[in-house]
Amino acid sequence: MAEERDSMSPTKIGFGILWSACWTGIPIKAVFAVMAMTLGLVHFEGRFGLAFLMLLASPVTVFAAPAIMAIYDTHFGEGIGLPLIFGASIPIDIWALGLVGRTFFLERLKKEPPHDGLGFAIWWRTALIGTLIMPILWGIVSKVTETAISASHSLADMEALRHIYDTGLPVAERIGLELTVWGSISSAVLFILSVIGVSILGQAIRRIAEDCRQAPENYQGLVTRWDLMRVPNDQGLLLASLAGAGVVFSLVFWTILPVTTPHPHECCAKPEVQAEPVYKPVDALNKNTQRLAAVAAQVEAMEKQKSETKGQKEKGKGKPAGAASSDNSKP
Amino acid sequence: MDIKHSSPAVIPDHQPSTSEKVLAFLDERLGLKEMQAKMLNEPIPGGSRWAYVFGSILLFIFAMQAVTGTMLMFYYVPTADHAYDSTQYIIHDVDYGWFLLSYHFWGSSAMVVCVFAHMSQVFLWGAYKKPRELLWLVGLALFGIVITFGFTGYLLPWDQRAFWATLVGVEILDKTPIVGDFIARFLKGGASPGQMTLSRFFVLHVMILPAALMALAGLHIFLFRVAAPAGPFKGTTEEIKAKTDYFFPRQIWKDIVGMAFVFVGLCALALWEPVVLLDKATPDPGEYHPEPEWYFLFYFQLLRLKLFAGQFGQFMGAVALPVIFMGLLVALPFFDKDPERNIFKRPIALISWIVIMVVIALFTVAAVINREFLD
């Protein structure tokens, strides 16, 4: 038992499996993430890099990320797509941890890996440790960073530095100094806590390995079996399946991709286009006919009125002429 | 029938299909099978590795940049009057134009990141040492071409950011003694930046640099095949021999996965942050604070230090420092003659690499923080 414990440190075991498994799963998880982004199910604002790291380390963060978002009221992205992506990552991580675990057990620990369930066994331990440790790590690193930033501000304002520069520390130097101080402290704390977390995981994996028997082959035999473990039984089928999946992904992607930019500039925003009403030729003809009839009736009425007015004028002309002659006849 | 003299490969009564006949015709005249064997059956000591994928990824990114760049050229007009409007047209009126332009934009950043990763891997693995000195030198030239690609392409949208960032870069080059004025005038196409500048940057970006990159990349691959892969820097002879792989299918599979991941990553970046132009370029920067592309930000911040103030300081920072650094890189295979390749047994190399990476990261973040002071 002591010899087994001495053979490889828990940190090396934890890091060796976690690093390989995270990178094994991320190409598949990235496809899901892109589909969710294209559909508009998830939006990453300023924290795209952090969201990527959370997805990369999803064996650890699958339940830790929601816990951190709930406890610290912080967000890595908006939309229903984020929990969907993390949910989809569970079977991917179980597969990746199983594949990496089996090859790691054989090649590095020289142990016969368990036939079934290794992936799930490592996955639930990783998720549990992540859920317990990640929120604590987040809180400590945030607090340490906050304190370090204010300490570095005070350091930059030190009187001693004013002797070097008459007007106090210049902006670029000040930023460099402050960043070096708080960045180093924050990075060191993050590194130490991460190593502790990975070491705890490594110890949990080592306990699984202790129950496994020693692999019987010599080194060449081990490498051959390790190599064949990583190769699918039917390579042709796998390649055809991947090619098919690629074609399907491309078709779906181009179908759902927005044709116009989702972020139009103010200068070039298109006006809202309202759909024109359906043109009905019979109705239009009837309308025009009615209009024509109404206009014709109006014209007729106007002509009639005109002729009446003219007639009245002529009658009116006769009367004043008679009145004028009768006026003229008066002395 | 005498079994010894019969050919085991001949299947009796087998009639070759049309495709087999065509392949046999081409093979007889071009030596296809021999070419295929040489290209694909290359042994990789110590086995295929994910660390070796960056070279193929760079080729893939260049191919994608060429494809998207060609599509953009259908609509882009390289004149000072129409460059901005044609770019806005691509973004707002061409179907999927916004995505193609954003993919092209993020692809340039990906190329710089992968070049750094590839150079770091070669440096840390000691794969620049004898007999791979020429390979290293050609690689440095390719690095310079990639950076120049980013510099020339940045101007083409002709908005305030593009115009003033390029002007800042050209002004830095102007500080080079003796040839600085000539270089600056050549790039600007005259005393002041304008139409001539755009024309020259466009020709450099779409004709001269792609031709140079293809030629040097071909030479780089040829030299790599002549020298053969260096392999891992640790492990016993037995371990390395036991794990020896061939280029096909293992390394090719890893390269394909790497390329697919980069493709998906660039799609995600294009969706997350599509290209958004500022106002059209004007002779007055106004409220805009000129700033180069993100991979030059560390250097931009470095030059803000008081250490590089004044004429002498500016010369030291803008000219002498980068020339000395590039000179060291060029001379590296010739003064580092120690055959040891294990990075953990080369403390100077390891510490130098860590220091450079930390300085780049530190000053890049400092430049981002500095924006708040300027605003």
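All of these numbers come straight from a predicted model, not from anything done at the bench.

Explain the overall build of chain A to me, using residue names and the numbers behind them.
Tallying secondary structure elements over chain A gives 12 helices and 0 strands in all. What you see in chain A, going N to C, is helices and strands ordered as α-α-α-α-α-α-α-α-α-α-α-α. Nonlocal contacts in chain A, meaning residues at least 24 apart in sequence, comprise 85% of its contacts between residues at least 6 apart.

Pulling in residues and values, what's your account of the overall build of chain B?
The helix and strand inventory of chain B stands at 14 helices and 2 strands. Principal axes of the C-alpha set define a box for chain B whose edges measure 95 × 55 × 40 Å. Evaluated residue by residue, chain B yields a buried proportion of 31% over its 375 residues. Sequence-distant contacts in chain B: of pairs separated by 6 or more residues, those separated by 24 or more amount to 78%.

Could you give me a rundown of the domain arrangement of chain A, with the residues and numbers involved?
With domains assigned, chain A is organised as domain 1 (7-216) and domain 2 (282-316). Computed from C-alpha coordinates alone, the two centres of domain 1 of chain A and domain 2 of chain A are separated by 87 Å.

Provide a residue-level description of the nonpolar core, including the pertinent values.
Among the nonpolar cores identified, the biggest contains 88 residues, and Ile17(A), Val34(A), Ile61(B), Leu266(B) and Ala268(B) are the most heavily contacted of them. At 14 residues, helix H2 (residues 10-38) of chain A tops the list of elements feeding residues into this core. Ignoring any residue separated from it by four or fewer positions in sequence, one finds Ala268(B) in contact with Ala30(A), Ala33(A), Val34(A) and Met37(A). One finds Tyr84(B), Leu156(B), Leu198(B) and Phe201(B) within the second-largest nonpolar core, a separate group that totals 16 residues.

Give a description of helix H5 (residues 64-72) of chain A that names residues and reports values.
All names here are of chain A. Regarding H5, the residues found buried are Ala 64, Ala 65 and Ile 68. Across the axial projection of H5, the buried residues extend over an arc of 100°, all falling on one side. Residues of H5 that are buried sit in contact with helix H3 (48-56), helix H4 (58-61), helix H6 (81-107) and helix H7 (118-156). Asp 73 occupies a position one or two residues after H5 and carries a positive phi of about 50°.

Pulling in residues and values, what's your account of the interface of chain B and chain A?
Listed as interface residues are 32 residues of chain B and, on the opposing side, 30 residues of chain A. Those elements that provide at least two residues to the side of chain B that touches chain A are helix H4 (83-92), helix H5 (97-124), helix H10 (237-242), helix H11 (247-272) and helix H14 (347-374) of chain B. Broken down by element, the side of chain B that touches chain A gets its largest block of residues, 9 residues, from H11(B). Among the residues forming the side of chain B that touches chain A, the class breakdown is 22 nonpolar, 5 polar and 5 charged.

Kindly report on the confidence of the model for chain A, identifying the contributing residues and their values.
Residues and elements named next belong to chain A. Summarising the model, chain A shows a mean pLDDT of 84, and 87% of its residues fall at 70 or more. Per-element confidence in chain A is highest for H4, whose mean pLDDT is 94, and lowest for helix H1 (residues 2-7), whose mean pLDDT is 48. In the model, residues 321-331 has pLDDT below 50 throughout and makes 0 contacts with residues more than four positions away in sequence or in other chains.

Pulling in residues and values, what's your account of unusual backbone geometry?
All names here are of chain B. Here the bond from Lys 130 into Pro 131 is cis, since omega is 5°, no more than 30 degrees from zero. Structurally, the position occupied by Pro 131 is in the loop between H5 and helix H6 (133-155). Within the chain, Tyr 96 stands out as a residue other than glycine whose phi angle is a positive 65°. Residue position: Tyr 96 is located in the loop between H4 and H5.

Tell me about the packing of H5(B) against H6(B), residues and numbers included.
All names here are of chain B. Orientation of H5 relative to H6, taken along the N-to-C sense of each, is 160°, at an axis distance of 10 Å. The orientation of H5 relative to H6 falls into the category roughly antiparallel. The two elements H5 and H6 meet at a crossing, and its hand is left-handed. Of H6, the residues touching H5 (which contributes Ser 108, Met 111, Val 112, Val 115, Met 119 and Val 122) are Gly 139, Phe 143, Val 146, Phe 149, Gly 150 and Gly 153. When its residues are assigned to classes, the contact of H5 with H6 shows 8 nonpolar, 4 polar and no charged.

Account for the environment of Pro290(B), with residues named and values stated.
Residues and elements named next belong to chain B. Here Pro 290 shows up in the loop between H11 and helix H12 (297-302). Separated by 130 residues in the primary sequence, Pro 290 and Gln 160 place their C-alpha atoms 8.2 Å from one another. Other than its neighbours up to four places away in sequence, Pro 290 contacts Trp 164, Ala 165, Leu 167, Val 168 and Pro 285.

How would you sum up the packing of H5(B) against H11(B)? Please name residues and give values.
Residues and elements named next belong to chain B. Contact geometry of H5 with H11 gives a least axis separation of 9 Å together with a crossing angle of 120°. It follows that H5 is oblique to H11 by the angle criterion. As H5 runs across H11, the sense of the crossing is right-handed. Where H5 abuts H11, its residues Phe 99, Ser 102, Tyr 103, Trp 106, Gly 107 and Ala 110 lie against Val 262, Leu 266, Leu 269 and Ala 270.

Any details on the confidence of the model for chain B? Residues and values, ideally.
Should the pLDDT be low somewhere, the predicted coordinates at that spot are not to be read in detail. All names here are of chain B. Across chain B, the average pLDDT comes to 89, with 96% of residues at or above 70. With pLDDT under 50 throughout, residues 1-7 is counted as low confidence; its partners more than four residues away or in other chains account for 1 contact. Reported confidence for the predicted complex is 0.81 by ipTM and 0.82 by pTM.

Report on the environment of Thr224(A), specifying residues and quantitative values.
Summarising the element assignment, Thr224(A) is placed in helix H10 (residues 219-229). Along the primary structure Thr224(A) and Glu107(A) are separated by 117 residues, whereas in three dimensions their C-alpha atoms are 9.8 Å apart.

I'd love a proper account of the environment of Val100(A), names of residues and values included.
All names here are of chain A. As for its placement among the helices and strands, Val 100 is situated in helix H6. By C-beta crowding, Val 100 is classed as buried, having 24 other C-beta atoms within 10 Å. It is 13 Å that separates the C-alpha atoms of Val 100 and Ala 121, two residues lying 21 residues apart in sequence. If near-sequence neighbours (up to four positions away) are discounted, Val 100 is found in contact with Ile 17, Ser 20, Ala 21 and Thr 24.

Explain helix H9 (residues 171-210) of chain A residue by residue, including any values.
End to end, H9(A) covers 57 Å across 40 residues, agreeing with the expected 58 Å (1.5 Å per residue, within 8%). Among all positions of H9(A), only Ala172(A), Arg174(A), Ile175(A), Gly176(A), Glu178(A), Trp182(A), Gly197(A), Val198(A), Leu201(A), Gly202(A), Ile205(A) and Ala209(A) are buried.

Criteria and thresholds
- Residues numbered from 1 in each chain as written.
- Chains lettered and ligands numbered in written order.
- Predicted model: local features only at pLDDT ≥ 70, side-chain atom pairs only at ≥ 80, totals over all residues.
- Helix = DSSP H or I, 4+ residues; strand = E, 2+ residues; numbered from the N terminus.
- Contact = placed C-beta atoms within 7 Å.
- Buried ≥ 20, exposed ≤ 12 C-beta atoms within 10 Å, placed from the backbone.
- Domains from an automatic or database assignment.
- Core = buried A, V, L, I, M, F, W, Y, C linked by C-beta atoms within 7 Å.
- Arc of directions from axis to C-beta.
- Nonpolar A, V, L, I, M, F, W, Y, C, P; charged D, E, K, R; others polar.
- pLDDT = per-residue confidence, 0-100.
- Axes fitted to C-alpha atoms, helices over the stretch in contact; angles between N-to-C directions.
- Parallel < 35°, antiparallel > 145°, perpendicular 65-115°, else oblique.
- Left-handed = near helix turned anticlockwise from the far one by under 90°.
- Expected span 1.5 Å × (residues − 1).

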